[in-house]
Amino acid sequence: GSGYEYAADVRARVESRLGFRVAGKIVRRAVEPGQRVRAGQLLAELDARDYQLAADAARAQAGAARTQRDLAAADLKRYQSLRDQGFISGAEIERRDAQLKAAQATLEQAQAQLAAQGNQARYTHLLADADGVVTGVDAEAGQVVAAGAPVVRLAQDGPRDAVFAVPEDRIAEVRAGQPVDVRTWTDDALLQGTVREVAASADPVTRTFAVKVALAGEAPPLGATVRVLPKGRSEERRVGKECRPLCR
């Protein structure tokens, strides 16, 4: 092979930085780093009093709009009876019908606002979106966070990658789809892997290229150290040189 080994660490294929969809003060953190969680499990919670009050106000507005709609419907029914008796004109019926349609639209708007406020109140609970392991916590109870700020890092269950850095003078020997040998640091067990992704540009600080290798079979635990030995391109050049005299 190339003769170069790289130290890599095992990471989850998908690692999410989860945060609240609304701003607020954290009143509870329900998980610890390294804890395994299930999809839908509570991770953290915000103070929801303001959002609950807003939801209550929206519910009251929806109730008032429903009352106005019912009143407009009753008026239209009475005026239709009066028109049948010849006491009012058709124009008055049209005005009452327009009032009923406006009241119905107002009710629908209030119901939509109520649903939106209800969602805001539910967003004060941060839930795991998949099974996995908590790899880090970026906020603590008592801290005020903005909407979208990372609070919990979650490594989702599923495929694992070995991630390592390659210097610029060796990046030409690593390509996507290339097979590699992966050995664990603890017991030197051999694993097979395939280069899944090669960074398109170098890291601005280290000037190295990040490479991700998809591990086959049962991968080591998250964070474990492994040794990666790329193979393929160097062997092709060596075999090509040995075949030239024979081909002549």
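Above this note sits the structure.
Residue positions are given per chain, counted from 1 along the sequence in the order it is written. Confidence filtering applies because this is a predicted model: local features only for residues at pLDDT of at least 70, side-chain atom pairs given and counted only at 80 or more, and all residues used for totals across whole chains, interfaces and linings. The side-chain numbers reported here are obtained from all heavy atoms of the structure, hydrogens and water having been left aside.

Participant: Please clarify how the overall build of the protein should be interpreted in this entry.
Facilitator: If you tally the helices and strands in the protein, you get three helices and 14 strands. For 248 residues, the compact-globule estimate of 2.2 N^0.38 gives 18 Å, and the protein exceeds it by more than 25% at 32 Å. In terms of its C-alpha atoms, the protein occupies a principal-axis envelope of roughly 115 × 50 × 35 Å. Residue burial is assigned from relative accessible area. The probe radius is 1.4 Å, only protein chains are included, and a residue is buried under 20% of its type maximum, exposed over 50%, and partly exposed in between. Here the protein holds 248 residues, and 33% of them are scored as buried. Here, residues are in contact when the closest pair of their heavy atoms is within 4.5 Å. Within the protein, contacts between residues at least 6 apart in sequence are counted, and of these 73% link residues at least 24 apart. Counting only carbon and sulfur atoms, one obtains 51% of the accessible surface of the protein, whose full area is about 14,600 Å². None of His or the chain ends enter the tally, which takes Lys and Arg as positive and Asp and Glu as negative. Throughout, a charge is located at the NZ atom of Lys, the CZ atom of Arg, the CG atom of Asp or the CD atom of Glu. Side chains of the protein give 36 positive and 33 negative charges; the mean places of these two sets differ by 2 Å. A run of H or I in DSSP becomes a helix once it reaches four residues, and a run of E becomes a strand once it reaches two; helices and strands are each numbered from the N terminus. We take the radius of gyration over the C-alpha atoms and set the globule estimate at 2.2 Å times the residue count to the 0.38 power. Here the open area of atoms and residues is found with the Shrake-Rupley method and a 1.4 Å probe, where only the protein chains shown may cover a residue.

Participant: I'm lost on the sheet that holds strand 10 (residues 160–167) in this one. Help?
Facilitator: Strand pairing in a sheet relies on backbone hydrogen bonds, with the paired strands running either antiparallel or parallel. Pairing between two strands requires that DSSP report at least two bridges joining them. Read around the closed barrel, the six strands follow the order 1-10-13-12-11-14; overall the barrel is antiparallel. Taken over all neighbouring pairs, the strand axes of this sheet differ in orientation by 45° on average, direction set aside. Two strands pair when backbone bridges link them, and strand 12 (residues 190–198) and strand 13 (residues 208–215) are joined in this way by five bridges, in the antiparallel orientation. The residue of strand 13 that forms the bridge with Val198 is Val211. Only the stretch in contact is used when fitting a helix axis, every axis being a line fitted to C-alpha atoms; angles between N-to-C directions are given from 0 to 180 degrees.

Participant: How do you make sense of helix 1 (residues 49–84) when you look at a structure like this?
Facilitator: Given the number of residues in a helix, its expected span is that number minus one, multiplied by 1.5 Å. Across its 36 residues, helix 1 extends 53 Å between first and last C-alpha, which sits within 8% of the 52 Å expected from 1.5 Å per residue. Here helix 1 has its buried residues at Tyr51, Ala55, Ala58, Ala62, Ala65, Ala72, Asp75 and Leu76. At its buried positions, helix 1 is contacted by helix 2 (90–122). Of the residues trailing helix 1, Gly86 is marked for its positive phi of about 85°.

Participant: What should I look at first to understand the environment of Pro150 in this one?
Facilitator: Turning to its location among the elements, Pro150 is positioned in strand 9 (residues 150–156). Non-local contacts of Pro150, meaning those with residues more than four positions away in its chain, are made with Arg17, Leu18 and Asp138.

Participant: When you look at the sheet that holds strand 9 in this model, what are you seeing that I'm missing?
Facilitator: The sheet built from four strands is open, its strands ordered 2-9-7-4 with antiparallel pairing. Edge positions in the sheet fall to strand 2 (15–19) and strand 4 (36–37), since each of these pairs with one other strand and no more.

Participant: Sorry, what's going on with the environment of Leu215 here?
Facilitator: With respect to the helices and strands, the residue Leu215 is situated in strand 13. Sequence separation between Leu215 and Gln192 is 23 residues, and the spatial gap between their C-alpha atoms is 6.3 Å. Sequence-distant contacts of Leu215, defined by excluding residues within four places in its chain, comprise Val10, Arg160, Asp161, Ala162, Val182, Gln192 and Pro220.

Participant: Looking at this structure, I do not really get the nonpolar core. What am I missing?
Facilitator: Most often, soluble globular proteins keep nonpolar side chains buried together rather than apart. Membership of the largest hydrophobic core comes to 20 residues, with the highest contact counts inside it found for Phe20, Leu43, Leu126 and Val151. Secondary-structure elements contributing two or more residues to this core are strand 5 (42–46), strand 7 (132–137) and strand 9. Apart from the residues within four sequence positions on either side, Leu43 is in contact with Leu18, Arg29, Ala30, Val31, Val37, Leu126, Leu127, Ala128 and Val152. For the purposes of this section, nonpolar cores are sets of buried Ala, Val, Leu, Ile, Met, Phe, Trp, Tyr and Cys residues that join through side-chain atoms within 4.5 Å.

Participant: I would appreciate a short explanation of the environment of Arg28 in the present structure.
Facilitator: By secondary structure assignment, the location of Arg28 is in strand 3 (residues 24–29). Apart from the residues lying within four places of it in its own chain, the contact partners of Arg28 are Leu42, Ala44, Glu45 and Ala141.

Participant: Can you help me understand helix 2 in this one?
Facilitator: Given 3.6 residues to a turn, an α-helix orients residues that are three or four positions apart in the same direction. Its 33 residues give helix 2 an end-to-end C-alpha distance of 48 Å, which sits within 8% of 48 Å, the value for a rise of 1.5 Å per residue. Listed in full, the buried residues belonging to helix 2 are Glu92, Ile93, Arg96, Leu100, Ala103, Leu107, Ala110, Gly118 and Ala121. Buried residues in helix 2 make contact with helix 1 and strand 6 (125–127).

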